[in-house]
Amino acid sequence: MREKDCIFCKIIEGEIPSHTIYEDERFKVILDASPASKGHALILPKEHYADIYDIDEDTAACAMKLAKKLAAHMTEVLGCDGFNIVQNNHEIAGQTVFHFHMHLIPRYKEAKNADILQWSHETFSQEEMKAICESLKC
Ligand code: 5GP
Ligand code: ZN
């Protein structure tokens, strides 16, 4: 199902050009237009899902399977030294395009932007950790 005004739906339909590295019935994988590194790619499900809350479990599982395959393939071709798989949900978490996608980010030892994904740390007391843990048990 396509969403009006969604840039990734337009890319999937071919209305907006993209560098496509992989395509099957369910997914299109394109190079990110503002890459964090050489080969930075995006896995796009062809159906429009806004985010992790919206996507169905089977499509999410298939996206991760594809990420696993592509990580191996891209690492072999690009000769990168590591790999990040990133998936942002909602604006506060850095999502800017509201069509579910997974970032495939090859990492290179010699890269100047080694801090692409670094975050500062928060501290919680042991009681707080216990309460958080209890609240999250499922
Ligand atoms: P988000 O911030 O939502 O996790 O990631 C969205 C990504 O989509 C960004 O890294 C951005 O560079 C990429 N992007 C946005 N518009 C386009 C576009 O028109 N074409 C391509 N190939 N990538 C895009
Ligand atoms: Zn869309």
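Residues numbered from 1 in each chain as written. Chains lettered and ligands numbered in written order. Predicted model: local features only at pLDDT ≥ 70, side-chain atom pairs only at ≥ 80, totals over all residues. Heavy atoms only, no water.

Caption draft 1: Quick look at the site of ligand 1. Among the 16 residues in the neighbourhood of ligand 1, the closest are listed as Asp32, Asn88, Gly94, Thr96 and His103. In this structure, Gly94 approaches ligand 1 through a main-chain N or O atom, which is 2.9 Å from an oxygen atom. Taking Thr96, its main chain carries an N or O atom lying 2.7 Å from an oxygen atom of ligand 1. When isolated, ligand 1 has an accessible area of 520 Å², and the protein chains bury 81% of it. Elements with a minimum of two residues in the shell around ligand 1: α1 (7-13) and β2 (27-31). The dominant element in the shell around ligand 1, judged by the number of residues it contributes, is α1, at three residues. (Near = heavy atom within 4 Å. Polar contact = N/O pair within 3.5 Å; in protein donor to acceptor, adjacent residues only side chain to side chain. Areas by Shrake-Rupley, 256 points an atom, 1.4 Å probe, with all protein chains shown as cover. Helix = DSSP H or I, 4+ residues; strand = E, 2+ residues; numbered from the N terminus.)

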